[in-house]
Amino acid sequence: MTGSPTAPTRRVRVIHPGFGATVQDLGRPGHAALGVGRSGAADRRSLSLANRLVGNREGAAAVEAPLGGLVLDFDHHATIALTGAPCPAHADARAVDLNAPVGLAPGSRLTIGVPYEGLRVYLAVRGGVAVPPVLGSRSTDTLSGIGPARLAAGDLLPVGDLTAGWPAADFAPQRALPAEPVLRILLGPRDDWFTPGSLATLCARPYRVTDRSDRVGMRLTGAALRRARPGELPSEAAVPGALQVPPDGQPILFLADHPVTGGYPVVATVHEDDLPLAAQTRPGQALRFRPV
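Residues numbered from 1 in each chain as written. Predicted model: local features only at pLDDT ≥ 70, side-chain atom pairs only at ≥ 80, totals over all residues. Heavy atoms only, no water.

**Student:** Account for the pairing of strand E20 (residues 286-291), naming residues and giving values.
**Tutor:** Two elements, strand E12 (residues 182-187) and E20, share four bridges in a ladder whose sense is parallel. The residue bridging Val 182 from the neighbouring strand is Arg 288, located in E20. Pairing of strand E13 (residues 207-209) with E20, which is carried by two bridges, proceeds in the antiparallel orientation. Bridge pairing links Arg 208 to Ala 286 in E20. (Pairing = 2+ DSSP bridges. Helix = DSSP H or I, 4+ residues; strand = E, 2+ residues; numbered from the N terminus.)

Structure (structure tokens):
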């Protein structure tokens, strides 16, 4: 990814960073051998949509705001789009629609509220957030500490020129998020480490997302998955969507900032197309798994 050929002169000031907002793009693949994960947006689909709505390249950097709460001031004419978890939003006293390009005048203050449902809100600004890239990406990796720091009050976010033409649509309706998501899984590679009864349990009963969940992974609670063999594995490669099972039998679903290796057996992997849905599942919410 390349930045603007000249230093950006447009800025967005962070007044309130919400509940741990970060800068994200589509990540930095190809560095796992160096111990660096892909990272990037937890809900890649929503980030790409926000960028398309403002006429950016799909991989331009945007802001990922878990549970909203973000307040920003714009010093320039800007085109923005909000996607992901549906939430109330206002530019000064004017309501801002989601899933649509919105124009802001210089001096506008954008306030993003707590989502009605879902977890992560995405804000794209036409031109992209032009913080310096690290290993080809502007994403914040919360596990390794690579990339920009989490947003803080007073930060000035430069706006670049990673555009791909003018927006081609003025609205992109989205399906409502399900109350109990069903995530498709591929069994393995270590499903033989678990009893047949545990595998049936994994797909027959719901699991609940705990409050010990973040961009690294979702810790789940429900019926314990029982091992069919003792001992532990040597560490082996891990991928987004891996369902790793520690000795207590409670699965952990790896998300965007997961470690590149892990020593607990992976009973199954969530289908990549369902990871955006997983990323929008809140603590306390139930979900189910379906084998494919």
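Past the structure itself, the notes keep going.
**Student:** Can you break down the environment of Asn 51 residue by residue, with the values?
**Tutor:** Its place among the elements puts Asn 51 in helix H1 (residues 44-54). In this structure, the C-alpha to C-alpha distance between Asn 51 and Leu 82, residues 31 residues apart in sequence, is 9.4 Å. If sequence neighbours within four positions are ignored, Asn 51 has contacts with Asn 56, Arg 57, Glu 58, Gly 59, Ala 60 and Ala 124. There is a polar contact of 2.9 Å between the side chain of Asn 51 and the backbone oxygen of Ala 60. (Contact = heavy atoms within 4.5 Å. Polar contact = N/O pair within 3.5 Å; in protein donor to acceptor, adjacent residues only side chain to side chain.)

**Student:** Residues and numbers for the sheet that holds strand E17 (residues 252-254), please.
**Tutor:** An order of E12-E19-E16-E17-E14-E13-E20 is seen for the seven strands of this closed barrel, with the pairing classed as mixed. Taking each pair of neighbouring strands and ignoring which way they run, the sheet shows an average axis angle of 40 degrees. Against the sheet, helix H2 (residues 196-204) touches E12, E13, strand E16 (242-244), strand E19 (266-270) and E20, its axis set at about 125 degrees to E20. (Axes fitted to C-alpha atoms, helices over the stretch in contact; angles between N-to-C directions.)

**Student:** Please set out H1 residue by residue, giving values where relevant.
**Tutor:** For the α-helix, the turn length of 3.6 residues means that residues three or four positions removed from each other point alike. Counting buried positions along H1 gives eight out of 11 residues, so the element sits mostly inside the fold. Every buried residue of H1 is listed here: Ser 46, Leu 47, Ser 48, Leu 49, Ala 50, Asn 51, Leu 53 and Val 54. Looking at the buried residues of H1, the elements they touch are strand E2 (22-24), strand E3 (62-66), strand E5 (78-84) and strand E10 (120-125). Following H1 by one or two positions, Gly 55 has its phi on the positive side, about 80 degrees. (Buried < 20%, exposed > 50% of the residue type's maximum accessible area, 1.4 Å probe, protein only.)

**Student:** Lay out the side chain of His 76 in plain terms, naming residues and giving numbers.
**Tutor:** Mapping His 76 onto the fold places it in the loop between strand E4 (70-74) and E5. The contacts of His 76, once residues within four sequence positions are left out, are Arg 10, Arg 11, Val 12, Leu 104, Ala 105, Pro 106 and Val 159.

**Student:** Break down unusual backbone geometry for me, citing the residues and quoting the values.
**Tutor:** Cis geometry marks the peptide bond from Gly 188 to Pro 189, where omega comes out at 10 degrees. Following the sequence through the fold, Pro 189 ends up in the loop between E12 and H2. Its identity is not glycine, yet Ser 39 carries a phi of approximately 55 degrees, on the positive side. Mapped onto the secondary structure, Ser 39 falls in the loop between E2 and H1.

**Student:** I'd love a proper account of the pattern of salt bridges, names of residues and values included.
**Tutor:** Taken as a whole and assessed by the stated rule, the structure comprises 11 salt bridges. Across the pair Arg 109 and Asp 73 runs a salt bridge, and its minimum N-O distance is 2.7 Å. Of this pair, Arg 109 sits in strand E9 (residues 109-112) while Asp 73 sits in strand E4, and the two are 36 residues apart along the sequence. Linked through salt bridges whose partners overlap, the residues forming this network are Glu 64, Arg 120, Arg 215 and Asp 257. (Salt bridge = Lys/Arg side-chain N within 4 Å of Asp/Glu carboxyl O.)

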